[in-house]
Each structure stands twice: as structure tokens, then as C-alpha cells.
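Take a look at the letters that make up each chain.
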Amino acid sequence: MPIGFFDSGLGGLTVLEKALRMMPDEDYVYYADEANLPYGEKTPEQIAQFARTAVECLRSRGCKAVVIACNTATSVAVEDLRRSFSLPIVGIEPAVKPAVEQTGHRRILVMATPVTIRESRLKGLIAALDAEDSVDLLAMPELVRFCEREEYDSPAVREYIRSRLQDKDPSAYSALVLGCTHFNHFRSVLGDFFPEPVRIIDGSLGTARRLQALLEERGVRGGGTGRVEYVVTGGEPAPEELVGRAGRLLDRLKRME
Ligand code: DGL
């Protein structure tokens, strides 16, 4: 039985790539909800509905577990999905905890979508770590669109990042948390805006590890060959085009390691 992944688009491939490396003996179904992208600019009610539809689709394809490879959908819908579906569901959250642990309460910048930043889940996470005074939040919604166009570094990308950081002092931060799976694709260009040594931290490895542990716990690990099947909603991009983009992105992530 395969493992289901979903995201609004191609961001979740950053988590899939980690899972593939860790568990090449699994099969995967990747659901890209392109019809409803960007999630980060929708209402929580809309996102909850998109997430439900995604999990229903993955369940109907026989998935033994589902990974919400999207911080925005996790922040809005993970509780509701766990209540509604009996299959194991793993979410992803901005990796604020490791950032606080690794930087010892020095300043941290969390980049995420507008919804993740507005929702109470992230605020609760920061409060539980007693880190309200050391964490700043910044919405970077355009990076999602740049990523979907495979535009990871261009004058427009750099100008956008520069304008969003205008009111911040990058030298004040010792860690940058990438709280949206799409943002991983911009690791290197983002790094250029922060003087060394800024740690760039994301939750994809932790999420893949949690998935592995959960499958082992349930005694359902393995049985596949690393096959990835894609499901794309809407007509744009065409499924063949999305599969091509996804393949290029996975290769790029592999090279980035
Ligand atoms: N990749 C998603 C996340 O991790 C959301 C991107 C979007 O706005 O659609 O938050």
C-alpha cells in the first residue's frame, strides 16, 4: 500500500524527497491541489475543505497513511482530519522548536504563508516555547508562485525578498525557519540576505522521520519500490507538465543535499 502526500502544489516535494531517501522501499501517491493554490491566501474553511477532499482521494487510492506536506493545511486542518479519518495522518509545522533549541533564544525569523502566520497554532507553538520575544513572523506568499513557475533565483525573486525584508534587520537573526514547504526551494537565495552564520531550518526531515516511526509502530513499513504516482487537480498545469516539473524539482533537491 502506498503513502499519500498532499500539498497545494509542488512545495511538499521537499518532504517527499526526504521520505524517498529514507524509505526507498515504499510507494507514494503525491496529490498536488493546483486548482486551489495558493492555500496561504484562502480562508481556513476553504482550506479545511480542500484538505478533506485530498485525504478522501488518497484514501480511495488505498494509501496506508497520509502526510500533509503543507504547513498551511496542517495549521488549519490537522485536528479535524485526525478526527474524521482513521488512517494515520502526519502534519508539518514550522520548525520553531529546533530553532529555539539550536540558537538558545537568540532572534529567529519565521517565514510562512499569511494563513499560517494568522492562525493560532503557530502562535501557540511559540508561546509553549516561551519564545514570543525572540521570534518574528514574516509572510512571503509570492515565493509560492515563483516556485510553481520554477523561478528560484531571478532579479524578480531577489527584489521580492529584499522588499519583504525592508523593515527587518537581517543581521539580528541567528536562525531562519522556513515555515512553508515551498520555501525550501529558495534556501540558497534566501541565505544571501542574511549575514553568516544564519541557520536555515525547516521541518521536512522531522516530518519524514515521524512518518517512518509511525509506520514502524503500526507494523506497516515497506513493501514498495519507490514508485511515485501524481494526482493533479484542475487543468493547469496539465498532469504531464506537472510530472515533468516535479521530476526536475526532486532532482534539484537531491543536488542541494
Ligand atoms: N506549501 C504550503 C505550506 O507549506 C502552502 C503554499 C500555498 O500557499 O499554497 O504552507
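Higher on the page you've got the structure.
Keep in mind the model is a prediction, meaning the values are calculated, not measured. (Residues numbered from 1 in each chain as written. Predicted model: local features only at pLDDT ≥ 70, side-chain atom pairs only at ≥ 80, totals over all residues. Heavy atoms only, no water.)

**Student:** In this structure, what is going on with the pairing of strand β2 (residues 28-32)? I would like to understand it.
**Tutor:** When you tally the buried positions in β2, you get five out of five residues, the bulk of the element. The side-chain alternation of β2 yields two buried faces, one formed by Tyr28, Tyr30 and Ala32 and the other by Val29 and Tyr31. Note that strand β1 (residues 3-7) and β2 share five bridges and pair parallel. The residue of β2 that forms the bridge with Phe6 is Tyr31. Relative to strand β9 (residues 228-232), β2 is paired through five bridges, and the arrangement is parallel. Across the sheet, Tyr28 pairs through a bridge with Val228, a residue of β9. (Buried < 20%, exposed > 50% of the residue type's maximum accessible area, 1.4 Å probe, protein only. Helix = DSSP H or I, 4+ residues; strand = E, 2+ residues; numbered from the N terminus. Pairing = 2+ DSSP bridges.)

**Student:** Any chance you could explain the packing of aromatic side chains here in plain terms?
**Tutor:** Each aromatic ring pair is summarised here by two numbers: the centre-to-centre distance and the angle between the ring planes. Summed over all chains, the structure comprises seven aromatic pairs. Positioned above the aromatic ring of Tyr152 is the side chain of Arg252, whose terminal nitrogen or guanidinium carbon lies 3.7 Å from the ring centre. (Phe/Tyr/Trp six-rings, centres within 6.5 Å; stacked < 30°, edge-to-face > 60°. Lys NZ or Arg CZ within 6 Å of the ring centre and 35° of its normal.)

**Student:** What's the story with the sheet that holds strand β7 (residues 175-178) in this structure? I'm lost.
**Tutor:** Strands in a sheet are paired, the pairing made by backbone hydrogen bonds, and the direction either parallel or antiparallel. Ordered by their spatial adjacency, four strands build an open sheet running β6-β5-β7-β8, and the pairing between neighbours is parallel. Two strands lie at the open edges of the sheet, namely β6 (135-139) and β8 (199-202), each paired on one side alone. When the angles between neighbouring strand axes are averaged without regard to direction, this sheet yields 25°. (Axes fitted to C-alpha atoms, helices over the stretch in contact; angles between N-to-C directions.)

**Student:** I would appreciate a short explanation of empty space enclosed by the protein in the present structure.
**Tutor:** By rolling a water-sized probe across the atoms, one finds the places where empty space is left. The final tally for this structure, using the stated rule, is two cavities of 30 Å³ or more. Estimated volume of the largest cavity: approximately 70 Å³. Lining the largest cavity we find 14 residues, and of these Ser8, Cys70, Thr72, Thr113 and Cys180 sit closest to its centre. Here the residues of the lining of the largest cavity are counted per class, giving five nonpolar, eight polar and one charged. In this model, the second largest cavity occupies a volume close to 50 Å³. As for the second largest cavity, its lining consists of Asn71, Thr74, Ser75, Ile92, Glu93, Pro94, Arg121, Leu122 and Leu125. At the level of elements, α3 (71-84) and α6 (120-128) are the ones that each hand at least two residues to the lining of the second largest cavity. (1 Å grid on protein atoms, 1.4 Å probe; cavity = no way out; pocket = protein on both sides within 12 Å on 5 of 7 lines; lining within 4 Å. Points joined across faces, edges and corners; volume = space filled by probe spheres on them. Nonpolar A, V, L, I, M, F, W, Y, C, P; charged D, E, K, R; others polar.)

**Student:** Help me understand the sheet that holds strand β3 (residues 65-68), please; the structure alone is not making it clear to me.
**Tutor:** Read from one edge of the open sheet, five strands run β4-β3-β1-β2-β9, paired in parallel fashion. Each of the sheet's edge strands pairs with one partner strand only, and the pair in question is β4 (89-90) and β9. Together, β1, β2, β3, β4 and β9 form the strand contacts of helix α2 (residues 44-60), whose direction differs from that of β1 by roughly 155°. The strands touched by helix α11 (residues 239-256) within the sheet are β2 and β9, with β9 carrying the most contacts at an inclination of about 130°. (Contact = heavy atoms within 4.5 Å.)

**Student:** Where do I start with the pairing of β7 in this structure?
**Tutor:** Each regular strand displays side chains that alternate between the two surfaces of the sheet. Of the two faces of β7, the one lined by Ala175 and Val177 and the one lined by Leu176 and Leu178 are each fully buried. With four bridges connecting them, strand β5 (residues 108-112) and β7 associate as parallel partners. Bridging across to β7, Val110 finds its partner in Val177.

**Student:** So what exactly am I meant to see when it comes to the site of the ligand here?
**Tutor:** Residues in close proximity to the ligand total 13 residues, the closest being Ser8, Tyr39, Gly40, Thr72 and His182. Within the side chain of Ser8, a nitrogen or oxygen atom sits 2.6 Å from an oxygen atom of the ligand. The contact in question runs from an oxygen atom of the ligand to an N or O atom on the side chain of Thr72, over 2.6 Å. Coverage of the ligand by the protein chains reaches 99% of its 300 Å² of free accessible surface. A majority-of-atoms criterion places the ligand in the largest cavity. (Near = heavy atom within 4 Å. Polar contact = N/O pair within 3.5 Å; in protein donor to acceptor, adjacent residues only side chain to side chain. Areas by Shrake-Rupley, 256 points an atom, 1.4 Å probe, with all protein chains shown as cover. Sits in = over half its atoms within 2 Å of the grid points.)

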